[in-house]
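Residue-level structural notes
Read off the chains here:
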Amino acid sequence: MNAVDGLWTVGFWSQDNAFHLPVRVYYEDTDAGGIVYHSIYLNYAERARTEFVRALGIHQQSILDQRGLAFAVRRCTADFRRPARLDDMLIVRTRLVELRGASLDFEQTILRGDEVLVDYAVQIACITTQGRAVRFPADLRDSLLKGMAVMATAS
């Protein structure tokens, strides 16, 4: 764990130009057969995106409290390839691939070792508390661009 602007974050920037979040599969994540329930993978991906922005010094609660802005999933596609099981140690690999005026695109992969379990393409919108899409403020945009630069130079 690392402290970023007073907030603890887990995860790390890796040699494959991505942010990695380790995740353990717990009993609560599985169905009666010990296989991870499909919606739980979405939770893992959400946690990884949250830690990604936290590692960039972006405090989502402060943005909501002080500016009335939030990040919301606009679109998400999933390709479920293999199941994870109870006690598996997984990595959620997150890459920010495009930053536009009011949205950003992430590619996320959930892995067990080198084995791909799930691939996600996720579009996140910057919205007001009334649900209206708005452009990212300049300082947030700069922080997100910093994340793209970290990924470009990680290898």
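As a reminder, the structure under discussion sits directly above these lines.
Given the structure is predicted, the values throughout are model-derived calculations rather than measurements.

1. A word on the sheet that holds strand β8 (residues 115-128)
An order of β3-β4-β6-β7-β8-β5 is seen for the 6 strands of this open sheet, with the pairing classed as antiparallel. Looking at the sheet topology across the chains shown, the edges are occupied by β3 (12-13) and β5 (69-80). By the bridge criterion, 2 bridges tie β3 to strand β4 (residues 19-24) in an arrangement that is antiparallel. Bridging across to β4, W13 finds its partner in F19. Taken strand by strand, helix α1 (residues 38-55) contacts β3, β4, β5, β6 (89-99), β7 (103-112) and β8, and its axis lies near 135° from that of β4.

2. What about the pairing of β7?
Counting buried positions along β7 gives 8 out of 10 residues, so the element sits mostly inside the fold. Pairing between β6 and β7: 8 bridges, direction antiparallel. In the strand pairing of β7, R93 is matched with T109. Where β6 folds back on β7, the antiparallel hairpin that results is connected by 3 residues.

3. A short note on unusual backbone geometry
Among all residues except glycine, the phi angle is most often negative; among peptide bonds, the trans geometry is most common. With phi around 75°, D87 is a residue other than glycine that occupies positive phi space. Within the secondary structure, D87 is located in the loop between β5 and β6.

4. Quick notes on the environment of A138
One can find A138 in helix α3 (residues 138-153). Between the alpha carbons of A138 and R74 there is a distance of 21 Å; along the sequence they are 64 residues apart.

Thresholds, definitions, all that
Residues numbered from 1 in each chain as written. Predicted model: local features only at pLDDT ≥ 70, side-chain atom pairs only at ≥ 80, totals over all residues. Heavy atoms only, no water. Pairing = 2+ DSSP bridges. Helix = DSSP H or I, 4+ residues; strand = E, 2+ residues; numbered from the N terminus. Contact = heavy atoms within 4.5 Å. Axes fitted to C-alpha atoms, helices over the stretch in contact; angles between N-to-C directions. Buried < 20%, exposed > 50% of the residue type's maximum accessible area, 1.4 Å probe, protein only.

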